[in-house]
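Close look at the chain arrangement
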Amino acid sequence: VPGTTWTYDLGVAKVEAIEHGDRKVFSVAAFNRGLADWVRRLPTVWVEGEISELRRQERWQTVFFTLKDVDSDACVEAALPRRRFDALRLDLANGERVHVYGRAEVWPQKGELRLQVLSIERFGLGAHLAALERLKQKLAAEGLFAAERKRSLPRLPRRVGLVTGNDAAAKRDVIASVTARFPPARLLVAETRVQGPHAAAEIARALQGVAAQPGVDVIVLARGGGSFEDLLPFSDERLVRAVVACPVPVVSAVGHEQDTPLCDLAADVRASTPTAAARLVVPDFAELGEALERRRAALRRGSRAVLDRRRERLERDAERLRRGGRLLLERRRTALEQSAGRLRALSPRATLTRGYAIVRSDSGVVREAAALSTGERVNVELAKGGFAANVDEVRP
Amino acid sequence: MTEERLTFEQAEDELRKIVERLESGDVGIDEAIALWEHGEALYVICRERLDSAEGKVEELAERVQAAKPSA
């Protein structure tokens, strides 16, 4: 081959070597490039390990971490674009076990080998499930999910607390549903992180913070749907205990119908959707107004009924009084007539029929002859009729 | 009266009890009138509470949020 330049065809790029006598010499850059090109052809694989030295900064385009074996000192540097890392929404922290999908790559500048990451999954879903089940049994045994613990919700809360993630949808849905159903509702919203290793403690703190505000009579804990892992903070023991210890009733509206994070079991009521949560925490405004009007109508009807009943009773009494009066009068008249009869029976007229007569002078009934004087005129009354007479002789 | 301090719920509850008492019929006239007047006063309280209430959405001032990764 003429000339002094050698070329290795590595399929992807050309690496040039310089010839010194019978020696082919590569520059460092060419060596690295050659190595990088060769390594790039290795297959993409899953690697299991523990995350350490996680380095993520807003101004960096790349996130770095060291992936190491749990039971040996073996480790490898790993990197992935920050956008991809954030899009995974894993909220990873040092010490977490993961499966990393990626391939080996050499950084041509330094000749360092690293694992170029395409995707990351938290490792050990089965382990999570088992731990969750154990926790559930433990908390149930303590009676934290018992039906007797459930408190009834206020019919008309002065303020509704809302603890929600900064994923806007759940927050927006609850606020919209509550205010649509009850426009005068007063809501107090606390946003927290709802994902990742710090979420549970933050949500618990938010719950306490909202409950401590004056007038908050009920709290809705809301989060939209998500993966099993997304909802894990809502099964965290700290949060479950915070829900149980919350001084006001808690409505849990976390995930979808089929999800049952432990906070659902600890909450006083579980709502499957934000709309359902709204229906639980505030009354229907129009219905409330109508109910109030109905009650007022009942109030008027009730008091009128009492007055009507009293009036009727009064009328009945008056009627009896009038009837009673007439009866009394009649009875008196009869008695009077009886008395008159008896009176008549006792009168002197009865005596006259036996042949007696009554003599009357100007000074009344004559009872003794001495009361008369000769020549005086007297009237004599008989049983039937009478006559006048002159006194001829007085015989005292 | 202490009625200004009643919550809507308490006033409405009281109103319901008055209606029930009246509907039981076991009430004298003077009492019925007194109950009615009291009931009307409670109604006014409830109505005013409903009509004057204004909706409000506040954010809890103290953000319970640590530095969070931006997506």
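As the structure is a computational prediction, the values presented were derived from the model and not from experiment.

1. Considerations on the overall build of chain A
If you tally the helices and strands in chain A, you get 10 helices and 17 strands. Of all 396 residues assigned to chain A, the portion counted as buried reaches 37%. Excluding contacts between residues fewer than 6 apart, the proportion of contacts in chain A whose partners are at least 24 apart in sequence is 59%. Surface summary for chain A: the accessible area is close to 23,300 Å², and the carbon and sulfur share equals 53%.

2. Observations regarding the nonpolar core
Counting 42 residues, the largest nonpolar core has A:Val178, A:Val220, A:Val251 and A:Val281 as the members making the most contacts within it. At seven residues, helix H2 (residues 29-52) of chain B tops the list of elements feeding residues into this core. Beyond its immediate stretch of four places on either side in the chain, A:Val220 contacts A:Val160, A:Gly161, A:Leu162, A:Val163, A:Val174, A:Val251, A:Ala253, A:Ala277 and A:Val281. Counting 36 residues, the second largest nonpolar core, distinct from the first, contains A:Leu135, A:Ala204, A:Val240 and A:Val250.

3. Topic: a nonpolar patch on the surface
On the surface, A:Phe26, A:Phe31 and A:Leu35 cluster together into a nonpolar patch covering about 260 Å² of accessible area. Mapped onto the fold, A:Phe31 is located in helix H1 (residues 28-39).

4. Here's the deal with the packing of helix H9 (residues 285-346) of chain A against helix H1 (residues 8-24) of chain B
Interhelical geometry of H9(A) versus H1(B) gives an angle of 30° and a closest axis separation of 8 Å. By the criterion of interaxial angle, the relationship of H9(A) to H1(B) is roughly parallel. Two packed elements cross with a definite hand, and for H9(A) against H1(B) that hand is left-handed. Within the contact between the two elements, H9(A) uses A:Leu288, A:Leu292, A:Arg295, A:Ala298, A:Leu299, A:Gly302, A:Ser303, A:Val306 and A:Arg309 and H1(B) uses B:Phe8, B:Glu12, B:Leu15, B:Arg16, B:Ile18, B:Val19, B:Leu22 and B:Glu23. For the contact of H9(A) with H1(B), the residue count by class is 10 nonpolar, two polar and five charged.

5. Things to note about the packing of helix H5 (residues 199-211) of chain A against helix H6 (residues 237-245) of chain A
Residue and element names in this part refer to chain A. Close contact between H5 and H6 brings their axes to 8 Å; oriented N to C, the two are set at 15°. It follows that H5 is roughly parallel to H6 by the angle criterion. The handedness of the crossing between H5 and H6 is left-handed. Along its contact with H5, which presents Ala200, Ala201, Ile203, Ala204, Leu207 and Gln208, the element H6 presents Arg238, Leu239, Ala242 and Val243.

6. Some points on the pairing of strand E14 (residues 358-361) of chain A
All names here are of chain A. Pairing of E14 with strand E16 (residues 377-381), which is carried by three bridges, proceeds in the antiparallel orientation. Residue pairing in the sheet places Val359 in a bridge with Val380 of E16. Where E14 meets strand E15 (residues 364-365), two bridges bridge the pair, whose relative direction is antiparallel. Within E15, the position partnered with Arg360 by the bridge is Val365. What sits between the antiparallel neighbours E14 and E15 is a turn of two residues.

7. Some words on the confidence of the model for chain A
One rule of thumb: low pLDDT means the predicted coordinates there are not for detailed reading. Confidence in the prediction for chain A averages 86 pLDDT; 94% of positions are at 70 or higher. In the predicted structure, residues 1-6 of chain A sits below a pLDDT of 50 and forms 10 contacts with residues beyond four places in sequence or in another chain.

Reading the values: rules and limits
Residues numbered from 1 in each chain as written. Chains lettered and ligands numbered in written order. Predicted model: local features only at pLDDT ≥ 70, side-chain atom pairs only at ≥ 80, totals over all residues. Heavy atoms only, no water. Helix = DSSP H or I, 4+ residues; strand = E, 2+ residues; numbered from the N terminus. Buried < 20%, exposed > 50% of the residue type's maximum accessible area, 1.4 Å probe, protein only. Contact = heavy atoms within 4.5 Å. Areas by Shrake-Rupley, 256 points an atom, 1.4 Å probe, with all protein chains shown as cover. Core = buried A, V, L, I, M, F, W, Y, C linked by side-chain atoms within 4.5 Å. Patch = residues over 30% accessible without salt bridge, like charges linked within 9 Å, V, L, I, M, F, W, Y side chains within 5 Å. Salt bridge = Lys/Arg side-chain N within 4 Å of Asp/Glu carboxyl O. Axes fitted to C-alpha atoms, helices over the stretch in contact; angles between N-to-C directions. Parallel < 35°, antiparallel > 145°, perpendicular 65-115°, else oblique. Left-handed = near helix turned anticlockwise from the far one by under 90°. Nonpolar A, V, L, I, M, F, W, Y, C, P; charged D, E, K, R; others polar. Pairing = 2+ DSSP bridges. pLDDT = per-residue confidence, 0-100.

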